[in-house]
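# Results of the structural survey
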Amino acid sequence: MNEISNKWIGKNTVRPDGAEKVTGRAQYSSDTTMPGMIWGHVLRSPHPHAKIISINTKKAEALEGVKSVITSKDIVDFPLDKPVMLGIQDMRWMCRNIMARDKVLFHGHPLAAVAATTEAIAEKACNLIEVEYEILPWAIDIEDAIKDDAPILHDHIHFDGKPSNIAGTLEHKKGDIEEGFEKADVIIERDFKTEAVHQGYLETHSCLVSVAADGRATIWSSSQGQFMVRAMTSFLTGIPQSNIRAIPAEIGGGFGGKTIVYLEPLATVMSQKTGRPVKIVMNREDTMRASGPTSGSKSKIKIGATKDGKIVAAQGIYYLQAGAFPGSPIRGAAGCSLAPYDIPNAHTFGYDVVSNRSKVAAYRAPGAPIGAYGVECVLDEIAESLKICPLELRKINAAKEGTKAVHGPVFPKMGYIETLDAAINHPHYKAPLGKHQGRGVASGFWFNAGGESSAQLNITEDGNVVVTTGHPDVGGSRASIANITAELLGINHDRVSVLIGDTATIGYSNLTGGSRVLFASALVVTESAQIVINQLKQRAAKIWGIDEDAIDWENGEARPAGDNAGKFAPLTLAEIADKATATGGPIGAGYQVNTEGAEGGFATHICDVEVDMDLGIVRVKRYTSIQDVGKAIHPDYVEGQLQGGCAQGIGWALSEEYIYNKDGHLDNTGFLDYRMPVCSDLPMLDTVIIEVPNPKHPQGVRGVGEVPLVPPLAAISNAVYQAIGKRSYSLPMSPPKVLKIIEGS
Amino acid sequence: MSETQYLAAKTIEEAVKAHSKANGSARFLAGGTDLLVQIKSGIKKPELVIDVKKIVELNSIKELSDNEFVVGASVSGANLNRNHKFAKLWPGVLEAFRLIGSEQIQGRASLGGNLCNGSPAGDSVPALIAAGCKAIIAGPDGRKEIPIENFHKGPGKTILENGEMLVSLKFPKREINSSDVYLRMTPRTEMDIAVVGCGVNISLENNICTAARVSLGAVAPTPLLIEEASEIMVGTDLNSDVLDKVAALCMQACNPINDKRGTIDYRTKVAGVLLKRSVLIAIDRIKGN
Ligand SMILES: Cc1cc2nc3c(=O)[nH]c(=O)nc-3n(C[C@H](O)[C@H](O)[C@H](O)COP(=O)(O)OP(=O)(O)OC[C@H]3O[C@@H](n4cnc5c(N)ncnc54)[C@H](O)[C@@H]3O)c2cc1C
């Protein structure tokens, strides 16, 4: 691809979903209604940890307007002794997360649901359900969950030979760290703590499900994967996948949080029972309380370096909150944290810790921001003690083509050093700082991903193009696919229409996550386009009566390949389409494959903060993110991804946190007290796009959306240190905490 | 499912009568930016909602005599902002009011609603107290005037009895060489709730303070008037020693709670810092800097 003219790739074309979104016409899942529709409501646990002795639904069922009441009895049970995996999700946990069995494990845990003629009746009926609980002691924080006498959430989970809340571990090793530390001239070891943070998508979870009399279900919902919705609903209701059609709505934000289901199976079962379409919309409180944030963590980082700045050994021990069921992103923390560096001796270890919180879900580069936070802060201290510029220190140790990463793979050509050079040479890095201002830097890595993808590319009768793929568009995949298709076919971008298919209209496509979508769908779209171009050449060959090998496809036209082929005026796409019926019928092709060749992405961020020394308030004054994106197919969207990640990182570092009260209840379930930054909290978020194409992808795509959330936590912490002269080892750096650090108490 | 009735009252008498009759189950509605949120989340379940925005007196701004303003209880932030004379005389009250919510909220939110909602963290309240403003209240037995510092009884509680409504806010005639300031501490720059709010209103003559009122919000169950502050400030040039003393007084007066929004320790410290900053800004404003 890189050798062709690139008329559309790299251009900021008009986004296909833009007009509908700004005029309010785009269909989100809660916009969907149906005749005869009824409303669902979910009864949630008022306790963080309790045995369910009994549930009596009689009074609720008797209430006028109530059509169905369900409990865990109505959801398929997956016994505890055998894992049943769907991607990274285990149906044993999933069935218990959407409807508690035997025990409630967090405040807000669903344990029954009602469908009724109005939302208000459904809610009232929920309050009529009588539940007898045996309240159990609970543990919210990691420290409390791993204490010897901690209340155990799952009796069958063992660690060190006894029941434990440590549900799993993960380890990466390279070289010999003992030996490595012996060679070090400086060793720094620190403990870090971060709090659970929510993705903060504005659109809460919602769905509408209609199960027809023949048992076939149609699901409209907001998710990052219609095929994930279909598969999980199938597992949890027992309806075969072929009888479920999942239709993806436009998505009002997900950031990883919509990669599992909460409501769809409940609505499906209630629709099945009543024969009526059932709609459920979660409110903000329940979304914050009972959907998955990402983990809070504690970690210990130890890094040793020689006088000349060479890192000789590094160790990271991570404890991550999983919430009520196993599955915290320890892989991201332990796997990504040291990836930017070529370190001879390294060891990372992750503990997956369950406690009485809602089950965590993915959040942009799951685990990686936590992993990078401690490592990048300790590197800042090493640079300081060796009197080396922190960016130079990173350059001395930077991973490059051929480096064997601590988490295993050997890196191909990639652009980490390019981000460091760009940072060193950026005017931001040299700009003078004012009073009480400080500047910090940090780097970050994310794996990126490939996986299953399907595409269908059809030529319309009037010679235009419709491309369908199977991944919900959360960050500009439709605009980018349109650019790529126009480029490949040599036609104007506005002749390409890109749609997201539902589970019945396009082949299986893995969910939108891991920064995989454009990587994977560009591959299958490219393959489909090649097939279609061959078809177009065949049709031209037929019209001209020459061999198809004697035809070139150029600039949207079939042309004779040189004078020997014969003298014919070129045939445009429209002219070939016009004759399609006579030359063999419809023109179009699809392609589906498990895509391979995804390669990681690296970024380096520079951040300036100013601290109000009397109030402890930290404000970000200037921010520059520099990232190797492989190839920016649609630069505006790439920039938007970078800025979005930085904005979320600023929130995570300074103001966002899950706060539990003394009763084990989440105390800040709204955006007033769950403090995501607002526009005025952010400076212009500057971006520098570096393009070192992924050698394993036709357009050089790497994946963009997750790396930007990895460096900010440390970049901001390091900047705060420069501003106030003291270090903070825990997030968020809220004003009371920062003031305490300033005052040294 | 009890249905909520809606009444758009045209006169004060009609509103007061309907409220009295409902015997505690009615709520007045101004901009609704507190009330509707509370109804939606189930915190309040009124059987009758009485909209007061159609009552002319509640929705108008009057200048009784030169520099003497009365602002209707339901006048929105956007509307008050358009009155340039008010803005010049009471920049602190206006800046406090304008801090409430976003542009959209400003089109609806009122001073009366902020006051009657009874939150100890309501942003306009310390500014109104510092201004020496009075609440004009209408009830079944006629009208009365209450200083704002006596309006609150506790979180969510005011002195309004069944049938009583707030009609307007009466500001004292503005003296020359006076100005006011409101500062609040919030973790975010906007769309946040005050961890501490501080209103200051002072007059100067030849650099000497001739009148001063200081009020704090969010540091006690009700917004506070720091009465002794004026004794310390009046007659001085408001030098840093004086400000240190007043800041200490403010910190002493704090009786906050530890909660998710701030610790006792932090809130107390912030009160002192904001006091000093507010006074310095007020001096600058008087001097026209
Ligand atoms: C997004 C958002 C941001 C906000 N930000 C802030 C902020 O930064 N600072 C802040 O202080 N507040 C804030 N608020 C709260 C609210 O906007 C303010 O308190 C506002 O001033 C309320 O005015 P209103 O006219 O909307 O009151 P309403 O909601 O109409 O009424 C509030 C209360 O006062 C009563 N009431 C209203 N008028 C009268 C009357 N004439 N007589 C007797 N009782 C009456 C009502 O019955 C109700 O109990 C915010 C609210 C939202 C939704």
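The rules behind the values
- Residues numbered from 1 in each chain as written.
- Chains lettered and ligands numbered in written order.
- Predicted model: local features only at pLDDT ≥ 70, side-chain atom pairs only at ≥ 80, totals over all residues.
- Heavy atoms only, no water.
- Helix = DSSP H or I, 4+ residues; strand = E, 2+ residues; numbered from the N terminus.
- Rg over C-alpha atoms; globule rule 2.2 N^0.38 Å.
- Buried < 20%, exposed > 50% of the residue type's maximum accessible area, 1.4 Å probe, protein only.
- Contact = heavy atoms within 4.5 Å.
- Areas by Shrake-Rupley, 256 points an atom, 1.4 Å probe, with all protein chains shown as cover.
- Domains from an automatic or database assignment.
- Polar contact = N/O pair within 3.5 Å; in protein donor to acceptor, adjacent residues only side chain to side chain.
- Pairing = 2+ DSSP bridges.
- Axes fitted to C-alpha atoms, helices over the stretch in contact; angles between N-to-C directions.
- Disulfide = S-S within 2.5 Å.
- Salt bridge = Lys/Arg side-chain N within 4 Å of Asp/Glu carboxyl O.
- Buried area = accessible area lost by both parts, 1.4 Å probe.
- Parallel < 35°, antiparallel > 145°, perpendicular 65-115°, else oblique.
- Nonpolar A, V, L, I, M, F, W, Y, C, P; charged D, E, K, R; others polar.
- Near = heavy atom within 4 Å.
- Phe/Tyr/Trp six-rings, centres within 6.5 Å; stacked < 30°, edge-to-face > 60°.
- Lys NZ or Arg CZ within 6 Å of the ring centre and 35° of its normal.

### Digging into the overall build of chain B
A tally of regular secondary structure across chain B gives eleven helices and 14 strands. Whereas a compact globule of 289 residues would reach a radius of gyration of roughly 19 Å, chain B reaches 19 Å, a difference of no more than 12%. For chain B, the C-alpha atoms occupy an extent of roughly 60 × 45 × 35 Å along the three principal directions. When the 289 residues of chain B are sorted by exposure, 54% land in the buried category. Considering only contacts in chain B between residues 6 or more positions apart, those separated by 24 or more positions represent 60%. Accessible area of chain B: about 12,800 Å², with a carbon and sulfur share of 50%.

### Focus on the domain arrangement of chain B
Here the domain parsing of chain B yields domain 1 (5-51), domain 2 (60-170) and domain 3 (178-287). Taking the mean C-alpha position of each, domain 1 of chain B and domain 3 of chain B sit 34 Å from one another.

### Section: the side chain of A:Thr259
Residues and elements named next belong to chain A. You can see Thr259 is positioned in the loop between strand E15 (244-248) and helix H8 (264-274). A polar contact of 2.7 Å, which involves the side chain of Thr259, links it to the backbone oxygen of Gly256. In contact with Thr259, not counting residues within four places along its chain, are Gln224, Met228, Met232, Ala362, Leu511 and Thr512.

### Some remarks on the sheet that holds strand E12 (residues 186-194) of chain A
All names here are of chain A. Spatially, five strands are ordered E11-E19-E18-E17-E12 in an open sheet, and the strand pairing comes out mixed. Strand pairing shows two members of the sheet lacking a second neighbour, strand E11 (166-174) and E12, which therefore form its edges. Taken pair by pair, the neighbouring strands of this sheet meet at an average axis angle of 10°, ignoring direction. With nine bridges joining them, strand E18 (residues 311-323) and strand E19 (residues 346-354) adopt parallel strand pairing. Across the sheet, residue Gly316 finds its bridge partner in E19, namely Thr348. Strands in contact with helix H11 (residues 368-386) are E12, strand E17 (297-305) and E18; relative to E12, the strand with the most contacts, it is inclined by about 145°.

### Structural notes on the state of the cysteines
All chains considered together, the criterion is met by zero disulfides over all chains. Take A:Cys679: it sits in no disulfide, and the sulfur closest to it among the cysteines is that of A:Cys646, at 14 Å. Looking at B:Cys198, it has no disulfide partner, and the nearest cysteine sulfur is the one in B:Cys250, 5.9 Å off.

### A few points about the sheet that holds strand E28 (residues 601-612) of chain A
Hydrogen bonds along the backbone pair up the strands of a sheet, which may run parallel or antiparallel. Residues and elements named next belong to chain A. Pairing within the open sheet is mixed, and its four strands lie in the order E20-E28-E29-E30. The open sheet has two edge strands with one neighbour each: strand E20 (437-446) and strand E30 (685-690). Here the strands of the sheet are splayed against their neighbours by 20° on average, with no regard to which way each runs. Relative to E28, E20 runs antiparallel, the two being bridged by ten bridges. Of the residues in E28, the one forming a bridge with Ala442 is His605. Docked against the sheet, helix H12 (residues 390-397) engages E20 and E28, running at close to 20° with respect to E20.

### Remarks on the pattern of salt bridges
Scanning the entire structure with this criterion turns up 58 salt bridges over all chains. Of the charged contacts in the structure, one is a salt bridge between A:Asp663 and A:Lys662, with a shortest N-O distance of 3.8 Å. A relative accessible area of 34% means that A:Asp663 is categorised as partly exposed. Across the pair B:Arg188 and B:Asp192 runs a salt bridge, and its minimum N-O distance is 3.8 Å. Comparing B:Arg188 with B:Asp192, the two get one shared label, buried. Three or more residues joined by partner-sharing salt bridges are found here, namely A:Arg15, A:Asp17, A:Lys21, A:Glu250, A:Asp473 and A:Arg478.

### Some words on the interface of chain A and chain B
Contacts between the two partners involve 24 residues from chain A and, on the opposite side, 18 residues from chain B. Carbon and sulfur atoms supply 57% of the area that chain A and chain B bury against each other, a total of about 2,000 Å² over both sides. Together, A:Leu615, A:Leu672 and A:Arg675 form the three largest contributors to the area buried by chain A at its contact with chain B, with a combined 27%. Inspection of the region where chain A meets chain B yields seven salt bridges. The partner of B:Arg277 in a salt bridge is A:Asp614, with the nearest N and O atoms 3.1 Å apart. Applying the counting criterion to the chain A and chain B interface returns 13 residue pairs in polar contact (both at pLDDT 80 or more).

### So, the packing of helix H3 (residues 91-98) of chain A against helix H7 (residues 226-237) of chain A
Residue and element names in this part refer to chain A. Taken N-terminus to C-terminus, the directions of H3 and H7 make an angle of 80°; their axes are 10 Å apart at the nearest point. Judged on the interaxial angle alone, H7 and H3 are roughly perpendicular. Together, Met91, Met94, Cys95 and Ile98 of H3 and Met232, Phe235 and Leu236 of H7 make up the contact between the two elements. Class assignment of the residues belonging to the contact of H3 with H7 gives a composition of seven nonpolar, no polar and no charged.

### Some words on H8(A)
Owing to its 3.6 residues per turn, the α-helix aligns residues three or four sequence positions apart on the same side. Residues and elements named next belong to chain A. In terms of burial, H8 is largely enclosed, as eight of its eleven residues are buried. Where H8 is concerned, the buried positions are Glu264, Pro265, Leu266, Ala267, Thr268, Val269, Met270 and Ser271. Looking one or two residues beyond H8, the residue adopting positive phi is Gly275, at roughly 75°.

### Focus on the site of the ligand
Residue and element names in this part refer to chain B. The local shell around the ligand holds 31 residues, among which Phe28, Thr33, Asp34, Ser110 and Asp123 are the closest. Here an oxygen atom of the ligand sits 2.7 Å away from a polar atom, N or O, in the main chain of Gly32. Protein coverage of the free-state accessible area of the ligand, which is 980 Å², stands at 89%. Going through the elements one at a time, strand E2 (26-29), helix H7 (111-116) and strand E10 (165-170) are the ones with two or more residues in the shell around the ligand. Tallied by class, the residues present in the shell around the ligand amount to 15 nonpolar, nine polar and seven charged.

### Describing the packing of aromatic side chains
Residues and elements named next belong to chain A. Counted by the stated rule, this structure contains 22 aromatic pairs over all chains. Look at Tyr658 and Tyr674: their rings are 6.0 Å apart centre to centre, the planes differ by 85°, and that puts the pair in the edge-to-face class. Of this pair, Tyr658 sits in the loop between helix H19 (635-654) and E30 while Tyr674 sits in the loop between H19 and E30, and the two are 16 residues apart along the sequence. Tyr674 carries the same exposure label as Tyr658, and that label is buried. Ring pairs connect the aromatic residues Tyr341, Phe411, Tyr416, Phe445, Trp446, Phe447 and Phe602, which therefore count as one cluster. Sitting above the plane of the Phe181 ring, Lys302 keeps its charged end 4.4 Å from the centroid. Lying over the aromatic face of Phe447, Arg331 brings its terminal NZ or CZ to 4.2 Å of the ring centre.

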